[in-house]
Structure formats: C-alpha cells, structure tokens
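Per-entry structural report
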Amino acid sequence: MNVALDCIPCYIKQTINTLAQTEIYEEQAREIIYQTLSLLPQLDPQGIPAENSTIILRKVNELMGIEDPFHSAKQESNDLALKLLPQLKERIHQSLDPLFMSLQIAVAGNIIDMGILKDFDVEGSIGEAIEKSFARDDYEVFQQRLKEARKILILGDNSGEIAFDRLLAEQLSKLGIEVTYAVKDQPILNDATMEDAAYVGMTDQFRVISNGSGFLGTILKDCSEEFKQVYQKADLVISKGQANYESLEALGREDRRLYFLLRAKCEIVAKDLGVQLGEMVFCRS
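To start, this report covers the structure provided alongside it. All residue numbers refer to positions counted from 1 along the written sequence of the respective chain. Residues qualify for local features only when their pLDDT is at least 70, as the model is predicted, and side-chain atom pairs are given and counted only at 80 or more; totals for whole chains, interfaces and linings, by contrast, use all residues. The basis for the side-chain values is all heavy atoms of the structure; hydrogens and waters are excluded.

1. Here's the deal with the sheet that holds strand β2 (residues 151-155)
Strand order in this open sheet of 7 strands is β1-β7-β6-β5-β2-β3-β4, and the pairing throughout is mixed. Whereas interior strands pair on both sides, the edge strands pair on one side only; in this sheet they are β1 (136-137) and β4 (207-210). In this scheme, strands are said to pair when DSSP sees at least two bridges between them. Per the convention used, a helix needs a DSSP run of H or I reaching at least four residues, while a strand needs a run of E reaching at least two, with both numbered from the N terminus. By the bridge criterion, 2 bridges tie β1 to strand β7 (residues 280-283) in an arrangement that is parallel. From the neighbouring strand, Arg 136 faces β7, where its bridge partner is Val 281. By definition, residues are in contact when any of their heavy atoms lie within 4.5 Å. Between N-to-C directions, angles cover 0 to 180 degrees, with each direction set by a line fitted to C-alpha atoms, over the stretch in contact for helices. Set on the sheet, helix α8 (residues 161-174) makes contact with β2, β3 (178-183), β5 (236-240) and β6 (258-263); between it and β3 the angle comes to about 160 degrees. Here helix α12 (residues 242-252) sits on the sheet and contacts β2, β5 and β6; the angle it forms with β6, its principal contact strand, is near 150 degrees.

What follows is the structure, encoded as structure tokens:
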C-alpha cells in the first residue's frame, strides 16, 4: 500500500504523540517537530506509509535522546490487558466458536495504538468487536485452510494487544497447530518487542521470535534471515494491525497464506480495504 498526501498529517501526529510521552519542554518539542518536518521532502512518495513513519520516528527518538519513549505507556497497556484476560478467557470458553471469538478479541486489542489513537477504550472495543461482525470476513476460507495447516506465524503489532493475541495462539494450539509469534527487534512507537512478549506470558507458551527489524509493519527486506525462513515455512500467516497491512498488502495479493486482522483506524487504510473507518476485518488482500 503506497503513501498518500493524507499520510503527511499522520507523520506529524505520530511525532506529537511520541513527544507527549516525555517531559521535555514545549520549546524543545517545537524544535524537534521543525527538524522532523525538514525530512518530509526526502521521504519516498511511492513508498509505504509504515516505512516513512519509521524514518520520522527514528529521528524523533534520536533528537530526544530516548530509545523507547513509550516504555512506561507500553507497560501500562500490558497491565490493563492482563487484568482483562480472565474474563476474556471465559468468554472464549463459553463461545460456540472459540477460535472465531479469539479472533474478535484479538482485533479488539488493535485499538491500543498510541501512534494514531492517543485515547482508547479497550473494554468498549471488546464489546463492540463481539457484537459486530467483520466488515470483510474470510473466516470460512481460513477454516478450510486450517484443516491442512501445521504451522502458523502471527505477526504481532502493539503492546497490550499482544496479551489478547496470546488467547488466539492458545486456540490455534488446541487445534494441534504449531504457533510462532513475531515481535519487533527494536522499540518503535508502542509496538510489541520481546520484553512485552515475556511480560504477558507469550514466551512461556509459544515460540516467539524477533523479526530482526525496527520498522513499523513488516518490511521483509529489513527482516532477519531467521524470520524470513520462518515466514516461508509457515502454512498460514496472520498479520495483525494497520502497519503490517500497509507493508504486506501488495504481497498478500500473490501470497494467499496471508490473512489480515485489523481495525481500519485511518481513512486511507479503510478506503484501501473497502470498509468504513473504524470497521474490523479478517481477510486476505
């Protein structure tokens, strides 16, 4: 998925949201914004939004001298998600289709995105996800593919959300499927890293690997050889969140193993998916 003019305000919004995680003075914050604005003409106009955002955000972190400005916020979102797990596990247990319910809960967690949505209501999002159906729904096709699948790779997205993904991984594992979960190699916005995976218990139950990259989304050319091998060997790949969709949507037209699980949180992504802003999808390209 290529960038559009509307991506430019989003770069600025992500910068401001990052600065808001710190206690720097307003004058310093304004200077950082001015310096990042000078990078805009250098961004690839035919590139991927997630890739361009990463270039901007890396510069912001560099100028602040802070490697992970979202560290405390990520911890808070993980704690919030962990508190909700017992009741969510019970919902899944009581469901007529536990796997489908776990997909709904996993996409509800996709609301935890501090780069785009500074304020979010996780519990409200869960209720909405369970009440509403996916605007695009390839679940039946996915079920058919599952009958022959032995290995599934889940591409993680945000902290907090990763705890809900654990519930999805548990349901897939109960079907006899080997689940591997991929996280970012370096902090970027509030994306999940190995630290988050360990904190929410994902590493206790499943194989968790770094994708070798610090980019938003999954930029395969920047990923490690280990990750690429796991990706190639997977029978199915579940891609969580907008940035992963932005970076893999084109590949997904050819690679029919790819299923995208996300909430459309910007007009550009919604239009590309053919859904309304805020709607949830579980679909192939």
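2. With respect to the pairing of β5
Of all 5 residues in β5, 5 are buried; the element is thus mostly enclosed. Here's how the labels work: a residue is buried when its accessible area is under 20% of the maximum for its type, exposed when over 50%, partly exposed in between, all with a 1.4 Å probe on protein chains only. With burial as the criterion, each face of β5 is covered, one bearing Leu 236, Ile 238 and Lys 240 and the other bearing Val 237 and Ser 239. Note that β2 and β5 share 4 bridges and pair parallel. From the neighbouring strand, Leu 155 faces β5, where its bridge partner is Ser 239.

Read these as layout, nothing more, since geometry by itself doesn't imply function.
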